[in-house]
Amino acid sequence: QPEISSLQPGMALNLVLVQHYGGWQSFQDLLHCLAKIAAKHTLKLAAMSANSQPKEEEFNNNQPRIVTVSMIAIAWTLCQIGVDAIVLGARNCRHVNDAAYAVSSLELDESDLEAIAEYINDS
């Protein structure tokens, strides 16, 4: 766990939030859970790509080759009751493309939602 005094103000605030909502280890456990779900969806994405013959125009459609933890977090957030939109902080075009995929094509199944809920409810 980083020392709060060594962090920039924005990062220090993030650490304060992590500490408030369960602590560093709980946050690491949640990230590990999200990474496992992302890996599962990456395998699904790879299987779908392997089973289809893309047309010429589909080669540049910006579909990701991997599913990231951020994509899982976006998809999970949009699954929550009362959430209709998200505010995205993107630093580059890839982040925007990843978010667009998470919003339009990534579907979390019941086991994904239950696994995330287990970590969130334990915090």
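Residues numbered from 1 in each chain as written. Predicted model: local features only at pLDDT ≥ 70, side-chain atom pairs only at ≥ 80, totals over all residues. Heavy atoms only, no water.

Engineer: Looking at this model, I keep getting lost on the packing of helix H2 (residues 24-50) against helix H5 (residues 110-122). Mind explaining?
Structural biologist: Geometry of a packed helix pair, given as the angle between the helix axes and the separation of the axes. Direction vectors running N to C along H2 and H5 enclose 170°, while the axes themselves pass 9 Å from each other. What the angle tells us is that H2 and H5 run roughly antiparallel. Contacts between H2 and H5 pair Asp29, Leu30, Cys33, Leu34, Ile37, Lys40 and His41 from the former with Ser111, Asp112, Ala115, Ile116, Tyr119 and Ile120 from the latter. Across the contact of H2 with H5, the residue classes break down as eight nonpolar, two polar and three charged. (Axes fitted to C-alpha atoms, helices over the stretch in contact; angles between N-to-C directions. Helix = DSSP H or I, 4+ residues; strand = E, 2+ residues; numbered from the N terminus. Parallel < 35°, antiparallel > 145°, perpendicular 65-115°, else oblique. Contact = heavy atoms within 4.5 Å. Nonpolar A, V, L, I, M, F, W, Y, C, P; charged D, E, K, R; others polar.)

Engineer: When you look at the packing of helix H3 (residues 69-79) against helix H4 (residues 93-104) in this model, what are you seeing that I'm missing?
Structural biologist: Between H3 and H4, the shortest axis-to-axis distance is 9 Å and the interhelical angle comes to 40°. Taken together, the axis directions place H3 and H4 in an arrangement best described as oblique. For the pair H3 and H4, the crossing hand works out as right-handed. Contact residues: Met71, Ile74, Ala75 and Leu78 in H3; Asp98, Ala99, Tyr101, Ala102 and Val103 in H4. Tallied by class, residues from the contact of H3 with H4 come to eight nonpolar, no polar and one charged. (Left-handed = near helix turned anticlockwise from the far one by under 90°.)

Engineer: Would you mind going over the pattern of salt bridges with me for this structure?
Structural biologist: Close approach of charged atoms allows side chains with opposite charge to pair. As enumerated under the stated definition, the model contains four salt bridges in all. The shortest N-O distance in the salt bridge between Asp109 and Lys44 comes to 3.9 Å. Here the residue Asp109 occupies a position in the loop between H4 and H5, and Lys44 occupies one in helix H2, the gap between them amounting to 65 residues. Accessibility expressed as a relative area gives 40% for Lys44, which makes it partly exposed. When the shortest N-O distance is used, the salt bridge between Asp98 and Arg94 registers 3.4 Å. Placement of the pair is Asp98 and Arg94 together in helix H4, with a separation of four residues, close to one helical turn. With relative accessibility at 11%, the residue Asp98 sits in the buried group. Through salt bridges that share partners, Lys40, Lys44, Asp109 and Asp112 make up one connected network. (Salt bridge = Lys/Arg side-chain N within 4 Å of Asp/Glu carboxyl O. Buried < 20%, exposed > 50% of the residue type's maximum accessible area, 1.4 Å probe, protein only.)

Engineer: Could you clarify how one ought to interpret the confidence of the model for the chain in this entry?
Structural biologist: Low pLDDT means the predicted coordinates in that region are not meant to be read closely. Looking at the chain as a whole, its pLDDT mean stands at 86, while 89% of the residues score no less than 70. Within the chain, the lowest mean pLDDT, 87, falls on H4, and the highest, 95, falls on H3. Across residues 56-60, where pLDDT falls below 50, the model places two contacts with residues more than four positions away in sequence or in other chains. (pLDDT = per-residue confidence, 0-100.)

Engineer: How should I be thinking about a nonpolar patch on the surface in this particular structure?
Structural biologist: Residues Ile4, Leu13, Val16, Leu17 and Tyr21 make up a contiguous nonpolar surface patch of about 480 Å² in total accessible area. Positionally, Leu13 belongs in helix H1 (residues 9-20). (Patch = residues over 30% accessible without salt bridge, like charges linked within 9 Å, V, L, I, M, F, W, Y side chains within 5 Å. Areas by Shrake-Rupley, 256 points an atom, 1.4 Å probe, with all protein chains shown as cover.)

Engineer: Looking at this model, I keep getting lost on the environment of Ser111. Mind explaining?
Structural biologist: Among the structural elements, Ser111 can be located in helix H5. Given the relative accessible area of 42%, Ser111 is considered partly exposed. The spatial distance from the C-alpha of Ser111 to the C-alpha of Ile37 is 9.3 Å, given a sequence separation of 74 residues. Polar side-chain contacts of Ser111 include one of 2.6 Å to the side chain of Asp109. (Polar contact = N/O pair within 3.5 Å; in protein donor to acceptor, adjacent residues only side chain to side chain.)

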